[in-house]
Amino acid sequence: MAIDDSLAIDIENMGFRYAGNSDLFISGLNLQVHKGERFGLFGPNGAGKTTLISLMTGLLSVNEGHIKLFGREVGRQDTAVNKLFGFVPQDFSFYQELSPVENLEFFGAWSGLDKQTIKQRTDELLHILGLEEVRDKQVQKFSGGMKRRVNLAIGVIHKPQILFLDEPTVGVDVQTRHAIIKYLLELNKNGTTLIYTSHQLSEAEGLCEQVALIDNGKIIAHNDLDKLLKDYHEDSLEHLFLNLTGKDYRNDV
Amino acid sequence: MFKLWATILKDLRVLWRDKPGITLMFAMPIMLVIVVTNIQNSTFQLVSKNKLPILISNNDTGQAGKQLISTINKIGMFKVLPVAGNQSSKAMSVAMHAKDAMLGMIIPANFSVKVQAKSKNIAGKALKSFGLDADTLKQAVDVDPLTLYYSPVLQEPLRLSVEGAVRSALQLVESRETLRSLYFSINEKPLPETLENEMLNNKTAINEIPVSREGARINPNATQHNVPAWTIFAMFFVIMSLGGNVVREKVSGSFVRLKTLPTNYVVAVLSKQITYLGVTILQAVVIFSIGIWLFPLMDLPGLSLPSDIPALFVLVVITGWCAVSYSICVGVFSETQEQVNGFGAISIVILSAIGGLMVPSFAMQGFFKSAADFSPMHWSLQAFYTLFLEGGKLKDIFNNLLLLFIITILLQFLTFLGLKRKNLI
């Protein structure tokens, strides 16, 4: 089968079950994301967003089918694939005892960068994300917004081709949200494919061009955002979301 | 190599900022070694220098009671505090509390009369057995017992040595009376004092030589015993920082990110081993330095390092590596900080107890004696004692090192299985 080199992510007939469960949580899932896209993945709590991102980043392993990033199969055996993407988890994924510079030095080394590149990227990122003044202060003393920026800086230090963002702006003020979104758009302009998931649907409307809605481990809609809104006669992503996933409470146990 | 160096640097920075962890790893064992050595040294000095206070209520009006007190005084182990005669048990107990004495003794009223009668009788029997005329009683004379009171706080070995000392003083008083009676019966004049002293005073010296290897002479004391023991304890106590560090990293978001990066988690495990091995070596250096330089300033015996320093270094490294491996293993299998702290602290205390750090393992019985073999601290302590107390060399501790190494490899293997099971490597 010919490899479509325009694809950043290619998921084919993918199935996944949680350990101890006989039933597949995700079954026969197909999804393609093209290079340079700003792709939003949305769904209610427990729908499978985090599971799907964990599968795409190799944190979980598929039971059926495959996931490819730029034609390379995701899995712990091939560490080269891990150089292709960056990950900005929802939780603060760094050492709170360390300063931004110290965190970037460490995660830069683990991302496979050399000392010189780490220094150069650290200076660049701290400048872009407005963290220069606090570069040597312990992160645990930072506000939530500053921590979000450190979280993002670590995820992009190695200039990944795909960036996975799991609620990157949760709990931040308007200024920080604006700065983060602006930076993400700039990254995308320079060729980085963005995979974004959030419950901030109004924010997502401004960022994402392609959207997929997931529920109960299945993609229930996937298309260009404008086209989806038109097809379902909705005026916003939030209304589209409620239309497709219902208004009942979701208990994610 | 750069990744490993960056990880070690990160671990050092995290460790340096973990002040409670550093306090637990350094300050606590240092306090323990100082306090325990001081206490054990005081116990030793209580017997050899400080003297145990003993209240004596002498109800006897004759010479034997006075001689007994004088002999007890001469033993050098006791500080005799006379109290009025006719003390009841309750009065003696009150007096012991009031004077802070752990021992009390009541000499019965007719002690001299009974001792003399008993001695005369024994002397008479002796003369008769020589074929000479002598008066003997048909019935043996029993001296009324001395009553020895002791505080329950007094430990069994010390109480037994007190009892032995009093018994030997009593023996001397009775022997003197028997000798005098015998001499008077034969010569019809009192035994000359010089001859009495010559006959009774034990002049044969006892040379005490600690068993050592290759003729090395190292005097065992509280320092030589305690410094190695608490150094091992300190090394294993790194679990409080390292085990917590492993769990903290696992449950924090940083771990999720680490798993997505193109570097194997083995690098993180290796870095922790190197960093904390350095910590354990530093602990040993600090505690040994305290033993060598600080203890003499505190009137404690100074620590004498073994002659085979390379062997000591190898032992410190292997013990440290074993302690670090144990900490990482517990950290990998624990899910929460509470689990690692609780299990870590309790398991270290149990391993040190069965390993002989608190009570010598040779004094243990049955199950616990066999259980000692499963404690790495036991093998380490034995090796430290071989070097510190017996003047041993590397070849003398080779088997212990080998066993520690095997335990370490087993712990590493368990850690590997734990990481594999959790899909971390």
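1. A look at unusual backbone geometry
Link 1 in the chain: At A:Asn216, a residue that is not glycine, the phi angle is positive and equals roughly 50°.
Link 2 in the chain: If you trace the backbone, A:Asn216 turns up in the loop between β9 (210–215) and β10 (218–224).
Link 3 in the chain: The backbone of B:Asp299 sits at a positive phi, close to 65°, despite the residue not being glycine.
Link 4 in the chain: You can see B:Asp299 is positioned in the loop between α11 (265–297) and α12 (309–333).

2. Observations concerning the sheet that holds β9(A)
All names here are of chain A.
Link 1 in the chain: The strand order across the open sheet built from six strands is β6-β7-β8-β3-β9-β10, with neighbouring strands paired in mixed fashion. Looking at which strands have only one partner, the edges of the open sheet turn out to be β6 (85–88) and β10. Across this sheet, the average inter-strand angle for adjacent strands is 15°, counted without regard to direction.
Link 2 in the chain: In this structure, strand β3 (residues 38–42) lies alongside β9, joined through four bridges in parallel fashion. In the strand pairing of β9, Phe42 is matched with Leu213.
Link 3 in the chain: Docked against the sheet, helix α1 (residues 49–56) engages β3, β7 (162–166), β8 (193–197) and β9, running at close to 150° with respect to β7.
Link 4 in the chain: Where helix α8 (residues 237–245) meets the sheet, its contacts fall on β3, β9 and β10, and the angle it forms with β9 comes to roughly 30°.

3. A word on the domain arrangement of chain B
How big an interface is tends to be reported as the loss of accessible area on association of its parts.
Link 1 in the chain: The domain boundaries assigned to chain B delineate domain 1 (2–42 + 221–421) and domain 2 (51–200).
Link 2 in the chain: The C-alpha centroid of domain 2 of chain B is placed 53 Å from the C-alpha centroid of domain 1 of chain B.

4. Description of the confidence of the model for chain A
Link 1 in the chain: Taken over all residues, the pLDDT of chain A has a mean of 87, while the share at 70 or more is 95%.
Link 2 in the chain: At the low end of the mean pLDDT range in chain A sits α8(A), at 80; at the high end sits helix α2 (residues 100–110) of chain A, at 95.

5. Let's talk about the confidence of the model for chain B
Residue and element names in this part refer to chain B.
Link 1 in the chain: Per-residue confidence for chain B averages 85 on the pLDDT scale, and 91% of its residues sit at or above 70.
Link 2 in the chain: By mean pLDDT, helix α14 (residues 366–371) is the weakest element of chain B at 71, and α12 is the strongest at 95.
Link 3 in the chain: Reported confidence for the predicted complex is 0.87 by ipTM and 0.77 by pTM.

6. Looking at α1(A)
Residues and elements named next belong to chain A.
Link 1 in the chain: For α1, a buried count of seven out of eight residues is recorded, marking the element as mostly surrounded by other parts of the structure.
Link 2 in the chain: Those residues of α1 lying buried are Lys49, Thr50, Leu52, Ile53, Ser54, Leu55 and Met56.
Link 3 in the chain: At its buried positions, α1 is contacted by β1 (7–16), β3, β4 (64–69), β7, β8 and β9.
Link 4 in the chain: Taken from the residues just after α1, Gly58 is the one with a positive phi, measuring 80°.

7. Overview of the sheet that holds strand β3 (residues 103–107) of chain B
By way of backbone hydrogen bonds, the strands of a sheet pair with one another, either parallel or antiparallel.
All names here are of chain B.
Link 1 in the chain: Spatially, the four strands line up as an open sheet ordered β2-β1-β3-β4, and their pairing is mixed. In this open sheet, the two strands that pair with only one neighbour each are β2 (78–83) and β4 (147–150). For this sheet, the mean angle separating the axes of adjacent strands, direction not counted, is 25°.
Link 2 in the chain: As paired strands, strand β1 (residues 52–58) and β3 are joined by five bridges and run parallel to one another. Across the sheet, the residue bridging to Leu55 is Gly104, located in β3.

Calculation rules
Residues numbered from 1 in each chain as written. Chains lettered and ligands numbered in written order. Predicted model: local features only at pLDDT ≥ 70, side-chain atom pairs only at ≥ 80, totals over all residues. Helix = DSSP H or I, 4+ residues; strand = E, 2+ residues; numbered from the N terminus. Pairing = 2+ DSSP bridges. Axes fitted to C-alpha atoms, helices over the stretch in contact; angles between N-to-C directions. Contact = placed C-beta atoms within 7 Å. Domains from an automatic or database assignment. pLDDT = per-residue confidence, 0-100. Buried ≥ 20, exposed ≤ 12 C-beta atoms within 10 Å, placed from the backbone.

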